[in-house]
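Below are the chains, spelled out letter by letter.
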Amino acid sequence: MNDESRTTNQRKGGLSLAAKLNIIVIAAILLVSIGLLATTFRVNGERVQAAYQERMDNASEIGVYLANPEGLAFLWECMQTDEFARAHERAVEANDEKPLVDWMKSIDASHLSLDASDIAVEHNQSLHEYETLYDVYLSHLVAAEYVQTGADISSAYFQFMEGGVTYNLMDPQYDARVMGTVEDQIPEFAGYADNEAVPPTIYRSQYGWLCTACTPLVDATTGKTVAMICFDADMTEVEEENWSFIMSSVVYVLLVTALAMVTCLYLIRRIATKPLQQLTEATCNFYDDDSNTPESNIIELDIHSNDEIGNLYREIRSMQSRIVDYTENIARASAEEERVKTELGMATSIQESVMPNIFPCFPERMEFDIYASMDAAKDVGGDFYDFFLIDDDHLALLIADVSGKGVPAALFMMAAKIMIDDRAMAGGTPAEILASVNRQICSRNTTKTFVTVWMGILDIRTGVVTCANAGHNYPWIRSADGSFHMLKDKHGLVVGGVKSMKYTDYTIDLNPGDAIFVHTDGVNEAMNANKEFFGLERLDAVLNSRTGASPEDIIHTMQEQVDAFVDGAERFDDITMLCLEYHGSATTDESENSDASDSANELTFPATIASIPQVTEFVEAELSALECSTPARMQIVVAIDEILSNIAKFAYDSMEGDVTVRFAAQEDGKTIEVTFIDQGIAYNPLDTAEPDITLGAKQRQVGGLGVFLVKKTMDDVRYERVDGKNILRIYKRIAR
C-alpha cells in the first residue's frame, strides 16, 4: 500500500479537519451576521415604534383637548331615537347626507355649553355657541381635521362602543351618512372592553399597514365615558422603508461576511490545516511495508512553532523513536504469547477429552438417559463432570467445582478427577470414596486448593441413587408429577479442606421418568450487566418450564436462558451441568411391556366394606365382556374381596380414604390385570409370612390367610410404594 492510498483510506468515511474547521468558521461568521441583522432590524423597529408612539400621544392630547364630551353624549343620545333612524334611512336611499343634516339642524342644542377657547370657534368665526345638533357635529368634524393636521396622522374620527359593537359618530373622510354605522371588527382589538383605551397597534388592513390608537372621552360632569376619539397613521411607507433598510443591511453584511470568511479560511489553512496535513502524511510514511520501522523513517519537517502543532510534531518524533524500540519488544512478546496460546489450546483439548462428551454415551443401555456440558469462563476451567459404569448394574455420577480459575484450577481438576474415578472403581459408597480422596489431597495440598463435589452411584436395577455431598450445590429432583424440586441434602466440608473429614451417604429413590439435575454455581451466580444474579428462582422456573423434557433438552434450555440473561456481560465462572433421567431396569421394562394392555378401565370407591359389592360388580362386568370362565371369575372375585377388606380395615387407620381399582386386559385377551391404589399406611402384603396350613384353625395365628389365598389363586401378585401410594397388582390367566 503506497502513502497516497494509505492517507486516502484514513480520510474515507469522514470529514477532514480542514473541512470541519471551515464549517465551524463559516457557521460562526454566519451566526454573527444574522445576529447583527436581527439587532439592526430590532433597533430600527423600536425607533419607528417610538416615533409613532409619540405621534399618537400628541394626537390623543390634542383630541381630548378639542372634544366636547357633553356635546358628544348629546349627539349619541339623539342618534338612539327613531327620528334619527328615519332621517338616516332617507339619506341612504337618496345617497345624500342632506336629510340627516336637515334633521340635525332641527334639534336644539342651545342648552350645551361651548368653550370660548374651542379650536372650532377659531376655524368657524360664526360659531359662538351651540344652537343645533348640527353645530355639535360640525365642531367635532373641524376638531378631527385639526388633530389630523396638527399631529401629522392619516385620520382622526369619533366612535362609540356598546356591547362589543363599535358605532361611527363622525369621520372627516365621510359625510354624515357614516353616523350610526357599525365599524368592521378588527381582530387585533377584539379583546378590549367597551370604550376602553387602545394603545398604538400596528396591523395590516384592507388599506395597507396602519397604526391605530383610541382614547376614551369622559364627561367631567357624570364621570362616564361618552365616546372614543381614534387615530390612524399610514404605515405603508414605513414598512417599505424597513424592507429597503433590511435589504441594504443584508447586502452589506453579506459582503463583510464573505470577506471575513476568505480571510479566516486562508489563515486556518496556513496556520493549522496545512501543517497538520504534512504531519499526517509524514506519520503515514513511517509505516513502510519494506522495512521494519527503522530510525531513518522518523519524520523531519520544517515546523518550528511553539504552539500546539509544534508540540505535536515534536511529540510524534519522540513517539516514533519509542515505537522503533517497542516494536522489537512486541515481536518477542507476540512469539511468546502465540506459544502460550497454543499450549492453552492444547490444555483445553486435553481437558475436554477427559470428560465424556459424545452423546449418547451408552446407546445400548435403555435404563437411563444422561447428558452433561461444561462451558469454561476462561481458556481452561476448574469445573468438571464425569459419569461411568462401575459394573453392569451401577452408574457413577460426578460433578465438581475447583476453587480458583485458569491453569492452576484446571491442573487440580485433572488430578481430583483421576483420584475420584480410580477410587470409585475400587468400590465403596460415595461417602467412602470422597473421604479417601480427601485424605489423599490434604496430605500434599500445599496450594490450599479445594474442590466441591456431588457424587452419586445409581443402582440401575432398583433406581436407588446413593449420594454424598462435599460442599456442592443442592441437587434438583424431578418426581412423578414431572416437576423439579431442590433437595436440601446434608453437606460435608469441601474436598481438600480437613484431612479427617467424614462424609454421609443418603439415598434418592428414582421411579421410571424421574430425573436428577446437578450444576455448579456458575449457573445460579451468572451475572448480567446490571450486577444481577441469575439466581435459584430463575433456575427453578427454567427446570419446570418443560415437563418431561429429556436431559439434553433440559441442559440446552438452561444454557440458552443463562446466555440470554447474561446478554454478553463478562463471565467470571464456569457453567457445568449434568442431568440423568431414569427409565427403569431392563427387567422391569420387559415385565411392564408384557403386561401392557390394549384396554383399561378404572373407578374410585370409598375404602369401606360397603363398597366391595360395587367393586366386584364393576370387575365382573369387565370379565363377562371377556367371556371369562366361571372358576377363574370366582377366584378373581374372592381375591378382590380379600384385598378390599384389608384396605378398608387397616389402610387408613380409622380415617376416611379412597381406593382406586383399575382393570386391564392384556393384548392376547387371555390375561387380566387388576390394580388397587390407596394412599393409606405403607404396607407390603408380600412381606407377610405365610400361615402354616398344616395346623388346625385354633392353632394357627390370626391373619395372613387372605393374603395367602390371593397369592395361591392368582398367577402373579406385585406391590410397590410410589409417591406415598400403595400399589398392588394381581394377574390372572383366563380361559375363553
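Residues numbered from 1 in each chain as written. Predicted model: local features only at pLDDT ≥ 70, side-chain atom pairs only at ≥ 80, totals over all residues. Heavy atoms only, no water.

Topic: the overall build of the protein chain
Our working definition: Numbering of helices and strands runs from the N terminus; a helix is a DSSP stretch of H or I covering at least four residues, while a strand is a stretch of E covering at least two. For every residue, the accessible area (1.4 Å probe, protein chains only) is compared with the maximum for its type, and the residue is labelled buried under 20%, exposed over 50%, or partly exposed between those bounds. By the convention used here, residues are in contact when the closest approach between their heavy atoms is within 4.5 Å.
Looking only at helices and strands, one finds 18 helices and 21 strands in the protein chain. Looking at the protein chain as a whole, 42% of its 736 residues are labelled buried. A sequence separation of at least 24 residues applies to 66% of the contacts in the protein chain between residues at least 6 apart.

Some thoughts on the packing of helix α3 (residues 69-79) against helix α7 (residues 133-150)
Cut-off, in case you're wondering: To obtain an axis, a line is fitted to C-alpha atoms, over the contacting stretch when the element is a helix, and the angle between two such axes runs from 0 to 180 degrees between their N-to-C directions. Should an angle fall under 35 degrees it is called roughly parallel, over 145 degrees roughly antiparallel, and 65 to 115 degrees roughly perpendicular, with every other angle called oblique. For any helix crossing, the convention is left-handed if the near helix is rotated counterclockwise from the far helix by under a right angle, and right-handed if that rotation is clockwise.
Contact pair α3 / α7: the axes reach a minimum separation of 10 Å and the direction vectors enclose 120 degrees. As the angle between them shows, α3 and α7 are arranged oblique. α7 is crossed by α3, and the crossing has left-handed handedness. Seen from α3, the contacting residues are Gly71, Leu72, Phe74, Leu75 and Cys78; seen from α7, they are Leu133, Val136 and His140.

As for unusual backbone geometry
In this model, Phe359 is joined to Pro360 through a cis peptide bond whose omega is 0 degrees. Counting through the fold element by element, Pro360 comes out in the loop between α9 (308-354) and β6 (368-375). Phi is positive for Asp152, which is not a glycine, with a value near 55 degrees. Looking at where Asp152 falls in the secondary structure, it is placed in the loop between α7 and β1 (155-162).

With respect to the packing of helix α5 (residues 98-105) against α7
For the record, the criterion: Any residue outside Ala, Val, Leu, Ile, Met, Phe, Trp, Tyr, Cys, Pro, Asp, Glu, Lys and Arg is labelled polar, Gly included; the first ten of those are nonpolar and the last four are charged.
At a minimum axis distance of 6 Å, the contact between α5 and α7 shows a crossing angle of 115 degrees. Note on element contacts: α7 touches α5 through Leu133, Tyr134 and Tyr137, opposite Val101, Trp103, Met104 and Lys105. Grouping the constituent residues of the contact of α5 with α7 by class yields six nonpolar, no polar and one charged.

Quick word on the confidence of the model for the protein chain
Should the pLDDT be low somewhere, the predicted coordinates at that spot are not to be read in detail. Counted only if it meets this: The quantity called pLDDT is the predictor's confidence in a given residue, expressed from 0 to 100.
Put simply, the protein chain has an average pLDDT of 81, and 84% of its residues get 70 or more. Across the protein chain, the secondary-structure element scoring lowest on mean pLDDT is helix α15 (residues 586-594), at 44, and the one scoring highest is strand β15 (residues 515-519), at 96. Here residues 587-599 is a poorly scored stretch, pLDDT under 50, and it has 20 contacts once near neighbours within four places are set aside; other chains count.

So, the packing of aromatic side chains
Applied cut-off: Stacked, tilted and edge-to-face are the three classes assigned to paired rings of Phe, Tyr and Trp, where Trp is represented by its six-membered ring and a pair needs centres within 6.5 Å; plane angles under 30 degrees give stacked, over 60 edge-to-face, the rest tilted. Two conditions define a charge sitting above a ring: the NZ of Lys or the CZ of Arg must be within 6 Å of the ring centre, and it must be within 35 degrees of the ring normal.
Within this structure, the stated rule accounts for twelve aromatic pairs. Relative to Tyr192, the ring of Phe189 lies with its centre 6.3 Å away and its plane at 65 degrees, an arrangement referred to as edge-to-face. Judged by relative accessible area, which is 27%, Tyr192 ranks as partly exposed. Joined through ring pairs, the aromatic side chains of Phe359, Phe362, Phe368, Tyr371, Tyr385 and Phe387 make up one cluster. Positioned above the aromatic ring of Tyr134 is the side chain of Lys105, whose terminal nitrogen or guanidinium carbon lies 5.2 Å from the ring centre.

Side note on α5
Those residues of α5 lying buried are Pro99, Leu100, Val101, Trp103 and Met104. Buried positions along α5 lie against α3, α4 (82-94) and α7.

With respect to the pattern of salt bridges
The criterion, for reference: For salt bridges, the criterion is a side-chain nitrogen of Lys or Arg within 4 Å of an Asp or Glu carboxyl oxygen.
Here the structure, examined in full by the defined rule, presents 13 salt bridges. When the shortest N-O distance is used, the salt bridge between Arg177 and Asp175 registers 2.9 Å. Measuring nitrogen to oxygen at the nearest pair gives 3.0 Å for the salt bridge that ties Glu581 to Arg478. Of the two residues, Glu581 is situated in strand β16 (residues 575-582) and Arg478 in strand β11 (residues 476-478); the sequence distance between them amounts to 103 residues. Assigned by exposure class, Glu581 and Arg478 land together as buried. Where salt bridges share partners, they join Asp386, Lys417 and Asp421 into one cluster.

Digging into the sheet that holds β6
As a reminder, the rule being used: Pairing between two strands is assigned when DSSP locates at least 2 bridges connecting them.
Pairing within the open sheet is antiparallel, and its five strands lie in the order β6-β16-β15-β11-β12. In the strand order of this sheet, the two ends are held by β6 and β12 (484-486), each with one partner. In this sheet, adjacent strand axes meet at a mean angle of 15 degrees when their direction is disregarded. Taken together, the three bridges between β11 and β12 define a ladder with antiparallel strand orientation. Across the sheet, residue Trp476 finds its bridge partner in β12, namely Met486. Docked against the sheet, helix α13 (residues 535-543) engages β11, β12 and β15, running at close to 20 degrees with respect to β11.

Looking at the nonpolar core
Put simply, the test is: Within this scheme, the nonpolar core is defined by two criteria: the residues are buried Ala, Val, Leu, Ile, Met, Phe, Trp, Tyr or Cys, and they are joined through side-chain atoms within 4.5 Å.
In this structure, Phe384, Leu395, Val453 and Val495 are the most contacted members of the largest nonpolar core, which totals 52 residues. If we skip the residues at most four places from it in the chain, Phe384 touches Met355, Leu398, Ile399, Ala400, Val402, Met413, Ala416, Lys417, Ile420, Val451 and Thr576. Core analysis: the next-biggest nonpolar cluster, separate from the first, contains 49 residues, Phe84, Phe160, Leu169 and Ala176 among them.

Topic: the sheet that holds strand β3 (residues 198-205)
Taken in spatial order, the five strands make up an open sheet running β2-β1-β5-β4-β3, and their pairing is antiparallel. Every interior strand has two partners, whereas the edge strands, β2 (165-170) and β3, have only one. The mean angle between the axes of side-by-side strands here comes to 35 degrees, regardless of whether they run parallel or antiparallel. Judged from the five bridges that link them, β1 and strand β5 (residues 225-234) form a sheet pairing that is antiparallel. Residue pairing for β5: Ser155 is matched across the bridge by Asp232. Where α3 meets the sheet, it contacts β1, β2, β4 (208-218) and β5, and its direction lies at approximately 110 degrees from that of β2. Packed onto the sheet, α7 meets β1, β2 and β5 and runs at close to 125 degrees relative to β1.

Observations concerning α13
Rules: Picture the helix axis, draw a direction to every C-beta atom, and the arc is the one those directions span.
Of the residues making up α13, those classed as buried are Gly535, Leu539, Val542 and Leu543. The buried residues of α13 all sit within an arc of 115 degrees when viewed along its axis, so they share a single face. Considering only its buried residues, α13 is in contact with β11, β12, β15, α12 (521-524) and α14 (551-566).

Examining the pairing of β2
In terms of strand pairing, β1 meets β2 through five bridges, oriented antiparallel. In the sheet register, Gln159 faces β2, and the bridge partner there is Asn168. Where β1 hands over to β2, the hairpin turn is made up of two residues, of which Gly163 adopts a positive phi near 65 degrees.

So, the pairing of β5
With eight of its ten residues buried, β5 lies for the most part within the structure. The pairing of β4 with β5 spans nine bridges and is antiparallel. In the strand pairing of β5, Val218 is matched with Thr225.

Concerning the side chain of Asn528
Within the secondary structure, Asn528 is located in the loop between α12 and α13. If near-sequence neighbours (up to four positions away) are discounted, Asn528 is found in contact with Phe565, Val566 and Ala569.

Quick notes on the side chain of Asp574
Using the following cut-off: As used in this structure description, the phrase polar contact means that two N or O atoms lie within 3.5 Å; if the pair is within protein, one of them must be able to donate a hydrogen and the other to accept it, and residues adjacent in sequence are counted only when both atoms belong to side chains.
Within the element layout of this structure, Asp574 appears in the loop between α14 and β16. Engagement of the side chain of Asp574 in a polar contact is seen with the backbone nitrogen of Asp383, the distance being 3.3 Å.

What about the environment of Ile681?
Structurally, Ile681 can be placed in the loop between β19 (671-678) and α18 (705-713). Considered as a pair, Ile681 and Tyr652 are 29 residues apart in the sequence and their alpha carbons are 6.3 Å apart. Discounting residues that sit within four places of it in the chain, Ile681 has contacts with Phe650, Ala651, Asp653, Arg721 and Asn726.

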